Amino acid sequence: MKTTELAIVGAGPAGVCAALEAASCGVKVTLIDREEQIGGQLVKQTHKFFGWHEKSAGTRGIVISGDLADQVKANPDICFMGSAEALGYFQDDGVLLLETPVGIQKLKPERLLIATGASEKMILFPGNDLPGVYGAGAVQTLMNVHGVRPGKSVLMIGSGNIGLIVSYQLAQAGVKVAAVVEALPNIGGYAVHASKIRRLGIPIYTRHSIKEAYGTACVEGAIIWQLDDNWQGIAGTEKQLDVDVICLATGLTPLCEFLWQAGAEMAYIPELGGFVPLYDENMETTVEGVYVAGDAACIEEASTAMAEGRLAGLAIAYSLGKVPADEFSRKRAESLKELDELRAGPTSGAIVKGLAVMKEQMRKRVSQ
Ligand SMILES: Cc1cc2nc3c(=O)[nH]c(=O)nc-3n(C[C@H](O)[C@H](O)[C@H](O)COP(=O)(O)OP(=O)(O)OC[C@H]3O[C@@H](n4cnc5c(N)ncnc54)[C@H](O)[C@@H]3O)c2cc1C
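In this text the structure is predicted, and so the values were computed from the model without any measurement.

Draft legend 1. Spatial organisation of the domain arrangement of the protein. According to the domain assignment, the protein contains domain 1 (2–119 + 252–367) and domain 2 (122–248). With 10 residues of domain 1 at the interface, the matching set in domain 2 holds 11 residues. For the pair domain 1 and domain 2, the two sides together bury roughly 850 Å², of which 60% comes from carbon and sulfur. For the pair domain 1 and domain 2, the interface holds zero salt bridges. Connecting domain 1 to domain 2 are four residue pairs in polar contact (both at pLDDT 80 or more). Looking at the side of domain 1 that touches domain 2, its residues break down into three nonpolar, five polar and two charged.

Draft legend 2. Representation of the packing of helix H7 (residues 302–319) against helix H8 (residues 325–342) within the structure. At a minimum axis distance of 10 Å, the contact between H7 and H8 shows a crossing angle of 165°. Between H7 and H8, the angle falls in the class roughly antiparallel. Regarding H7 and H8, the two cross each other, and that crossing is left-handed. Residues Ser-303, Thr-304, Ala-307, Glu-308, Arg-310, Leu-311, Leu-314, Ala-315 and Tyr-318 of H7 pack against Ala-325, Phe-328, Lys-331, Arg-332, Ser-335, Leu-336, Glu-338, Leu-339 and Leu-342 of H8.

Draft legend 3. Local environment of helix H5 (residues 191–199). Among the residues making up H5, those that are buried are His-193, Ala-194 and Ile-197. Projected onto a plane normal to the axis of H5, the buried residues spread over an arc of 100° and lie on a single side. Exposed residues lying more than 90 degrees from the buried face of H5 are Ala-191, Val-192 and Arg-199. Of the surrounding secondary structure, the elements contacted by the buried residues of H5 are helix H4 (161–172), strand S10 (176–182) and strand S11 (204–206).

Draft legend 4. Here's a closer look at unusual backbone geometry. The backbone of Trp-231 shows a phi angle near 65°, a positive value even though the residue is not glycine. Tracing the chain through its elements places Trp-231 in the loop between strand S13 (221–226) and strand S14 (239–241). Of the residues examined, Trp-231 reaches a relative accessible area of 45% and is grouped as partly exposed. Even without a glycine there, the phi angle at Met-283 is positive, about 70°. Here Met-283 shows up in the loop between strand S18 (274–277) and strand S19 (290–292). The class for Met-283 is buried, based on a relative accessible area of 4%.

Draft legend 5. Summary view of the sheet that holds strand S12 (residues 208–214). Sheet architecture is open: three strands sit in the order S12-S13-S14, paired in antiparallel fashion. The sheet is open, and its two borders are formed by S12 and S14, each paired with just one other strand. On average, adjacent strands in this sheet sit at an angle of 25° to one another, irrespective of strand direction.

Draft legend 6. Local environment of the sheet that holds strand S8 (residues 133–135). Reading across from one edge, S8-S15-S9-S10-S11 is the order of the five strands in this open sheet, with parallel pairing throughout. Of all strands in the sheet, those with a lone pairing partner are S8 and S11, marking the two edges. Shown here is a sheet whose adjacent strand axes are inclined to one another by a mean of 20°, direction ignored. Of the pairings in the sheet, the one linking S8 to strand S15 (residues 245–248) comprises three bridges and is parallel in character. When the bridges of S15 are listed, Tyr-134 appears paired with Cys-247.

Scoring rules and cut-offs
Residues numbered from 1 in each chain as written. Predicted model: local features only at pLDDT ≥ 70, side-chain atom pairs only at ≥ 80, totals over all residues. Heavy atoms only, no water. Domains from an automatic or database assignment. Contact = heavy atoms within 4.5 Å. Buried area = accessible area lost by both parts, 1.4 Å probe. Salt bridge = Lys/Arg side-chain N within 4 Å of Asp/Glu carboxyl O. Polar contact = N/O pair within 3.5 Å; in protein donor to acceptor, adjacent residues only side chain to side chain. Nonpolar A, V, L, I, M, F, W, Y, C, P; charged D, E, K, R; others polar. Axes fitted to C-alpha atoms, helices over the stretch in contact; angles between N-to-C directions. Helix = DSSP H or I, 4+ residues; strand = E, 2+ residues; numbered from the N terminus. Parallel < 35°, antiparallel > 145°, perpendicular 65-115°, else oblique. Left-handed = near helix turned anticlockwise from the far one by under 90°. Buried < 20%, exposed > 50% of the residue type's maximum accessible area, 1.4 Å probe, protein only. Arc of directions from axis to C-beta. Pairing = 2+ DSSP bridges.

If you want it as structure tokens, here you go:
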């Protein structure tokens, strides 16, 4: 069986930054991703990044991922296993099972970091199982990675940044965006993205949702309607839209199956995206030696995923005896400050609240 000092599942911004940080301290890293390319979600993000941090805001995600991939490839202490899907983690003997292009392999790491990102949330409505109903990430993958338009006319559900950005990209690709609907009374994303959509003549209906999708073998249209104060559709407000694609940008939830398998204590914290592992200030879960970073820990942004990755990589290197205590304390304080700064913006209120719930649960656990 192969062994490694640190195995990282997920080569998105969180996993890559953890790998680079740990390797810079002398840790031998195996970085695993089911995709061939390094970068996770960033490889499909052709837009200029939202966020306000000087290190990434304004740069295209695809440029950031290219830069990270170059750094990984140039680092002799990182072994990147692409097209390798982690299938499971055996809690009793600490072994990862991988499906690789050369067959099934077992890997026993001294430390494990789960940086698997997130999965998209579906919503319930009649016809949501028809071909033509997509998640926004899937639409981005089709268009920006494979150069394929998902259809001719789209109804976008959700006006957060992702819904707005993907609507804009659809329009740029020559796809008609019939409307964006948003259940909340206000648009969720940044005004700059909403303005771009409106300038293209795309209506954004707040306090609206989808009533149903219809079609025989695939989506042929959708009915939207206005919502009342109890989130119920108001009869008589229906609008019919001729669309062949319904795109759901209704949120993400952490992908943390391996943490369940590892026996990590999990908690349902809606502000962080759903079920998340409890973890401490070093990003270590309640299972010693098993760490988490990025969207798998809490649904946020790539800038925080990168900062969390660096923090986890540093803490792992320290736990392996590769970093002196004073250097670890200094660099850890810098990382925590960076995360605090990233979360000081007006849109981070819910995250800060969710993290406080997590901290309290960890405190109670330690004092038991
Ligand atoms: C449409 C869209 C637009 C966005 N725009 C922005 C933006 O402008 N600014 C911003 O800051 N953030 C943006 N985000 C959010 C940002 O992309 C994420 O927060 C960030 O990518 C999270 O990084 P991560 O490393 O945690 O996960 P990911 O980037 O999702 O990477 C996870 C990696 O894990 C791999 N993986 C998962 N399971 C397995 C397995 N079992 N075996 C092997 N590999 C596995 C995946 O293939 C993937 O490569 C956007 C997100 C979306 C969906």
